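# A structural walkthrough
Listed here are the chains, written in short residue letters.
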Protein chains: 2
Amino acid sequence: MTKNDADAPLHLQPYGPGPRAAEKIFETARDLFYREGIRAVGVDEIVSKAGVTKPSLYRSFKSKDDLVAAVLREVEEGFWDRFKSAEDAFPDDPKAQMVAYFEGLAARSGGADYRGCALSNAVVEYPDRSHAGRAVSQTHKQDLRERLRAKAQAMGASDPKALGDAMMLLIEGVFTSSQMFDDDDKPALAVVGAVKALITAYCP
Amino acid sequence: MTKNDADAPLHLQPYGPGPRAAEKIFETARDLFYREGIRAVGVDEIVSKAGVTKPSLYRSFKSKDDLVAAVLREVEEGFWDRFKSAEDAFPDDPKAQMVAYFEGLAARSGGADYRGCALSNAVVEYPDRSHAGRAVSQTHKQDLRERLRAKAQAMGASDPKALGDAMMLLIEGVFTSSQMFDDDDKPALAVVGAVKALITAYCP
DNA sequence: AGAGAATGTAACCGATCGGTACGTACCTTG
DNA sequence: CAAGGTACGTACCGATCGGTTACATTCTCT
């Protein structure tokens, strides 16, 4: 009986192939960064809660900032997964795609533990342009902006840039505002109606 | 010749009446917090750049968090000043008032050193509800939300809550998004058109 | 069984964190 | 001029920050 039981679920295997500490560090850091903020979480807290030690962190990541950037890259992947999932739900119907995305966004933002977008939060936490994590976030937001504009164009909007940017503002508005209201009735619930109204107004 | 030269400008008086160090600390902290983020600024940096010493800080403020809360309270005052100034510009015309506020907001958000709303940023920096600064921010945002809803009602909106919350999302969207784009052509510029479209859509 | 990779142990580093005990210079008041 | 209160600075505190070292141990694969 080997210790690497292939029948057991992956996350319960005592020792899988390849680096394990790195993954635990990564996932622990991702959760802690999101819940408590990046600056509020020290490397000691990360390795402690991950059940590993500090040298393991620095064997897999050059620095804390490097770990932050890696986490944010994964967060970005998750964002695009959700975005594309809304696209796939309504092929060739950009309006329905965006409405679907905003509906999912509004639903997600309702949770009590919702803390908005980790990429947006990182921008707030790191005003310094030279920070690796900020660079990841900023590039992503530029990509998103272009994507929204293209989507507005596909809708046949009279002013695609204006509609795209308006959707951008709504998205960021949901991200930030959902963190500051504890009740179940957050402003973010109004976003679906708002985006529908905007689409109608900008698409003759 | 006394050292307290009444003819000299106030900020150059060697020793004025009452506490001087506290004001320098307060203003220095306000600027540093906004530019670099609250968590990124230590008390040593504050007193150093204010040209005073640390005990002076702790004689006027119980803790760093207390200083943060004090700064945020002043920031809130500034916000309402700008908000009311837009109201005063168009008495008895809530639509024009809000458009005026959003125009001012869009104009302010264009600057390269614009870092959004310090109150919103504080919420992002301090997920912990028990932080004094977060409490100031959160209460202010609740007040703003109610104010916006009342404004929507005064407009005769069909769904005042929805329009008020939609304006809330736009405002927060401008605050956050303006930090992540370095070019002059920020998404925030679309906010005036967006709010006009929303007002039109929600006010039959 | 043995080689090599991955991880843990146990320190340690200088810098900075928020916060404070204590001494000193100043201005006002008698 | 003497006294007292106020405003401020010097020097320091323990804790934590991000990061590093040398070395022992454990697991995996062949």
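This structure is a prediction, so every number in the text was calculated from the model and none was measured.

## Considerations on the UniProt feature "DNA-binding region" (unreviewed entry) in chain A
The feature "DNA-binding region" (unreviewed entry), as annotated in UniProt, sits at residues 42-61 of chain A in this numbering. Overall, residues 42-61 of chain A shows 75% helix and 0% strand. The separation of its end C-alpha atoms is 14 Å.

## Points about the protein's contact with DNA strand C
What surrounds DNA strand C is a group of 19 residues, the closest being A:Arg20, A:Ser56, B:Val43, B:Lys54 and B:Tyr58. Here DNA strand C approaches the protein such that, of its atoms within 4 Å, sugar and phosphate make up 50%. Taking B:Lys64, its side chain carries an N or O atom lying 2.9 Å from a phosphate oxygen of DNA strand C. Classifying every residue of the surface near DNA strand C gives eight nonpolar, five polar and six charged.

## A closer look at the domain arrangement of chain A
Residue and element names in this part refer to chain A. If you check the domain split of chain A, you get domain 1 (9-61) and domain 2 (72-202). Distance from the C-alpha centre of domain 1 to the C-alpha centre of domain 2: 28 Å. The interface is formed by nine residues belonging to domain 1 together with ten residues belonging to domain 2. Applying the counting rule to domain 1 against domain 2 returns one salt bridge. Arg 30 is the partner of Glu 74 in a salt bridge, and the nearest nitrogen-oxygen pair spans 2.8 Å. Taken together, the links from domain 1 to domain 2 amount to five residue pairs in polar contact (both at pLDDT 80 or more).

## As for the interface of chain B and chain A
Across the contact, 46 residues belong to chain B and 46 residues belong to chain A. For the pair chain B and chain A, the summed buried area comes to about 3,800 Å², and 64% of that belongs to carbon and sulfur atoms. It is B:Val124, B:Leu169 and B:Met180 in chain B that bury the most area against chain A; as a group they hold 19% of the surface buried on that side. A salt bridge links B:Lys161 to A:Asp185, with the shortest nitrogen-to-oxygen separation between them at 3.0 Å. Summed over the shared surface of chain B and chain A, the result is 15 residue pairs in polar contact (both at pLDDT 80 or more). Among the elements that make up the side of chain B that touches chain A, the one with the highest residue count is helix H8 (residues 160-177) of chain B (twelve residues). Classifying every residue of the side of chain B that touches chain A gives 21 nonpolar, ten polar and 15 charged.

## Details of helix H5 (residues 94-108) of chain B
Residues and elements named next belong to chain B. Taking 1.5 Å as the rise per residue, H5 with 15 residues should run 21 Å; its terminal C-alpha atoms sit 21 Å apart, in good agreement. Turning to H5, its buried residues are Pro 94, Ala 96, Gln 97, Met 98, Val 99, Ala 100, Tyr 101, Phe 102, Leu 105 and Ala 106. On its buried side, H5 packs onto helix H4 (64-89), helix H7 (132-155), H8 and helix H9 (191-202).

## Quick notes on helix H7 (residues 132-155) of chain A
With 24 residues, H7(A) should reach 34 Å at 1.5 Å per residue; the first-to-last C-alpha distance of 35 Å fits that figure. Just past H7(A), the residue A:Gly156 takes up positive phi, approximately 85°.

## Some details on the pattern of salt bridges
All names here are of chain B. Taken as a whole and assessed by the stated rule, the structure comprises 23 salt bridges over all chains. Residues Glu 45 and Lys 49 are paired through a salt bridge, measuring 3.0 Å at the closest nitrogen-oxygen approach. In this pair, Glu 45 and Lys 49 are both assigned in helix H2 (residues 43-50), four residues apart and thus about one turn of the helix distant. Using a relative accessible area of 23% as the deciding quantity, one classes Glu 45 as partly exposed. For the salt bridge of Asp 165 with Arg 145, the shortest nitrogen-to-oxygen distance reads 2.9 Å. Taken together, the residues Asp 165 in helix H8 and Arg 145 in helix H7 connect sequence positions 20 residues apart. On the accessibility criterion, Asp 165 (2% relative accessible area) is buried.

Criteria and thresholds
- Residues numbered from 1 in each chain as written.
- Chains lettered and ligands numbered in written order.
- Predicted model: local features only at pLDDT ≥ 70, side-chain atom pairs only at ≥ 80, totals over all residues.
- Heavy atoms only, no water.
- UniProt positions renumbered as here; feature names shortened; annotations may be inferred.
- Helix = DSSP H or I, 4+ residues; strand = E, 2+ residues; numbered from the N terminus.
- Near = heavy atom within 4 Å.
- Polar contact = N/O pair within 3.5 Å; in protein donor to acceptor, adjacent residues only side chain to side chain.
- Nonpolar A, V, L, I, M, F, W, Y, C, P; charged D, E, K, R; others polar.
- Domains from an automatic or database assignment.
- Contact = heavy atoms within 4.5 Å.
- Salt bridge = Lys/Arg side-chain N within 4 Å of Asp/Glu carboxyl O.
- Buried area = accessible area lost by both parts, 1.4 Å probe.
- Expected span 1.5 Å × (residues − 1).
- Buried < 20%, exposed > 50% of the residue type's maximum accessible area, 1.4 Å probe, protein only.

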